[in-house]
Amino acid sequence: MKSEDELVAEFKAAHADTVRLDEELAAARRRRRGAGEKLKKLGRGTSWMARLIGVTPQAVDGFLTYHQRRARKTHEA
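Residues numbered from 1 in each chain as written. Predicted model: local features only at pLDDT ≥ 70, side-chain atom pairs only at ≥ 80, totals over all residues. Heavy atoms only, no water.

(A) Layout of the overall build of the protein chain. Per the secondary structure count, the protein chain includes four helices and zero strands. Listing every helix and strand of the protein chain by position from the N terminus yields α-α-α-α. In terms of overall dimensions, the protein chain is more spread out than a globule: its C-alpha atoms have a radius of gyration of 19 Å, far above the 11 Å expected for 77 residues. Every one of the 77 residues in the protein chain was classed for burial, and the buried ones make up 10%. Distance between charge centroids for the protein chain: 16 Å, based on 17 positive and 11 negative side chains. (Helix = DSSP H or I, 4+ residues; strand = E, 2+ residues; numbered from the N terminus. Rg over C-alpha atoms; globule rule 2.2 N^0.38 Å. Buried < 20%, exposed > 50% of the residue type's maximum accessible area, 1.4 Å probe, protein only. Lys, Arg positive; Asp, Glu negative; His and termini not counted. Charge placed at Lys NZ, Arg CZ, Asp CG, Glu CD.)

Shown next, in the form of structure tokens:
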């Protein structure tokens, strides 16, 4: 069994990893949204984009309109 010191170190390292990965995930989502918006301006649809990344068109629409939905929720609250 690991000592308490080893478990504390593992706990802290795992937490640091989750913080780092959350930041990386947020950045990747911003890049995906930005590229998707540009593709949409070029005339590409959500179905086309969805096929490229293996998700549903609804998922693409969801991440493309994320900020619009979030702004509406803020105004409704």
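(B) Expanded view of the environment of alanine 50. Relative to the assigned elements, alanine 50 resides in helix α2 (residues 46-53). As a C-alpha pair, alanine 50 and lysine 12 span 38 residues in sequence and 37 Å in three-dimensional space. For alanine 50, the residues in contact, after removing those within four places along its chain, are Val55, Thr56, Pro57 and Val60. (Contact = heavy atoms within 4.5 Å.)

(C) A look at the side chain of threonine 65. Looking at the secondary structure, you find threonine 65 in the loop between α3 (57-64) and α4 (66-76). Within the structure, threonine 65 has its side chain in polar contact with the backbone oxygen of aspartate 61 (distance 2.7 Å). (Polar contact = N/O pair within 3.5 Å; in protein donor to acceptor, adjacent residues only side chain to side chain.)

(D) The confidence of the model for the protein chain, seen in detail. Here the protein chain averages 93 in pLDDT, and 91% of its residues register 70 or above. α4 is the least confidently modelled element of the protein chain, averaging 71 in pLDDT, while α2 averages 98, the highest of any element. (pLDDT = per-residue confidence, 0-100.)

(E) Expanded view of the packing of α2 against α3. The geometry of α2 relative to α3 is characterised by a closest axis approach of 8 Å and an angle of 105° between their N-to-C directions. It follows that α2 is roughly perpendicular to α3 by the angle criterion. Only Pro57, Val60, Asp61, Phe63 and Leu64 of α3 make contact with α2, whose side of the interface consists of Thr46, Ser47, Met49, Ala50 and Ile53. Class assignment for the residues of the contact of α2 with α3 results in seven nonpolar, two polar and one charged. (Axes fitted to C-alpha atoms, helices over the stretch in contact; angles between N-to-C directions. Parallel < 35°, antiparallel > 145°, perpendicular 65-115°, else oblique. Nonpolar A, V, L, I, M, F, W, Y, C, P; charged D, E, K, R; others polar.)

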